[in-house]
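Results of the structural survey
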Amino acid sequence: MKYPIFQVDAFTDRAFAGNPAGVMPLKTWLSDQALQSIAAEMNLAETAFFVPKDGGYHLRWFTPTVEVKLCGHATLASAFVLTRLIDPAITTMRFDTLSGPLNVRVDGARFELDFPVLSHEANTDATLPGRIAEAIGQQPVEVVVSPVYDAYLARLADVAAVRAATPRLAAIEALGRDLIVTAEGGQEGVDFVSRFFAPLHGIPEDPVTGSSHCVLAPYWKKRLGKDSFHARQVSRRGGDLWLALAGERLKIAGHAVCVLSGEIEVN
């Protein structure tokens, strides 16, 4: 059978930037093996699949190698497909996911995601900053850990250090968690910048990561004393996010652009 499938660049207002996600609307679920094989064929950081459910949608995300519990850019991409390509009358959406219900609303030219805030705690491993320095070629100023996101967050000296970080993927894998690197925005004209490395999940570097900002926003709230941020992920493709903390929830807003639409044949 043939199914419609799309590729959407998320967290950008221009093609060939931001984070590309596959999006495959379904009427009923295919097997998990089929979903994983399609994600591997798309070979993007994540491919999203959704089916209608109780007036909303059941949404799942797959990297080329595993299913993941939370993904911002593929959620934004799914909302784009639903509202721009399937039914322009839709302005709000509810997605049931492995991370619970996620709401998305159309906000002018942007889409606003309602995600959970993810906690972090102090690092107690004295060897960790040195191992991170060896893994990226830059010395962290501070390292914290988010067990719920299964990632380390390393603050570097400045934007230049974040841009200059050169990942040694085997060394990052050896850390045992994903790695976020970040610094205050400074000359970028934003509140903070970041990059995200997840080789353990089949993603050497994610171009723009909505979910990592669920850790970054509360971290930078403590440092900057504010609740709203303009953030930039300074990967090669790059992308911008607008963030607003609201209690235990984080509003993540961004643009999206469809760059490819077609059909995929699944036996």
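You'll find the structure just up there.
Every value quoted in this text rests on a predicted model; they were computed, and no experiment measured them.

What follows deals with helix α1 (residues 32-42). Turning to α1, its buried residues number three or more, namely Ala34, Leu35, Gln36, Ile38 and Ala39. Contact partners of the buried residues in α1: β1 (2-10), β2 (19-25), β3 (46-53), β4 (56-62), β5 (67-68) and β18 (256-265). A positive phi of about 55 degrees marks asparagine 43, the residue just after α1.

For the rest of this paragraph, the subject is the pairing of β1. The buried count for β1 comes to seven of nine residues, which makes it a mostly enclosed element. In this sheet, β18 lies alongside β1 in antiparallel orientation, the contact comprising nine bridges. Following the sheet pairing, phenylalanine 6 is matched in β18 by serine 261. Across five bridges, the pairing between β1 and β2 is antiparallel. By the bridge assignment, phenylalanine 6 is partnered in β2 with valine 23.

Let us look at the nonpolar core. General note: in soluble globular proteins, nonpolar side chains tend to be found buried as a group. Ranked by internal contacts, the top residues of the largest apolar core, which has 56 residues, are Phe11, Trp61, Ile180, Leu243, Leu250 and Ile252. Sorting elements by how many residues they give to this core places helix α2 (residues 72-86) first, with seven residues. Discounting chain neighbours no more than four positions away, the residues touching leucine 250 are Leu113, Asp114, Phe115, Val117, His213, Cys214, Ala217, Leu243, Ala244 and Leu245. With 23 residues, the next largest nonpolar core counts Val145, Ile172, Leu179 and Val234 among its residues.

With the rule as written, the count across this model stands at zero disulfides. Summary of cysteine pairing: cysteine 71 is not part of a disulfide, and the nearest cysteine sulfur, belonging to cysteine 214, is at 11 Å.

Before going further, it helps to examine the pattern of salt bridges. Under the defined criterion, the tally for this structure stands at 18 salt bridges. The salt bridge partner of aspartate 107 is arginine 105, with a shortest N-O separation of 3.9 Å. A residue is classified by how much of its surface remains accessible, and aspartate 107, at 31% relative accessible area, is partly exposed. Judged by relative accessible area, which is 35%, arginine 105 ranks as partly exposed.

Cut-offs used in this document
- Residues numbered from 1 in each chain as written.
- Predicted model: local features only at pLDDT ≥ 70, side-chain atom pairs only at ≥ 80, totals over all residues.
- Heavy atoms only, no water.
- Buried < 20%, exposed > 50% of the residue type's maximum accessible area, 1.4 Å probe, protein only.
- Helix = DSSP H or I, 4+ residues; strand = E, 2+ residues; numbered from the N terminus.
- Contact = heavy atoms within 4.5 Å.
- Pairing = 2+ DSSP bridges.
- Core = buried A, V, L, I, M, F, W, Y, C linked by side-chain atoms within 4.5 Å.
- Disulfide = S-S within 2.5 Å.
- Salt bridge = Lys/Arg side-chain N within 4 Å of Asp/Glu carboxyl O.

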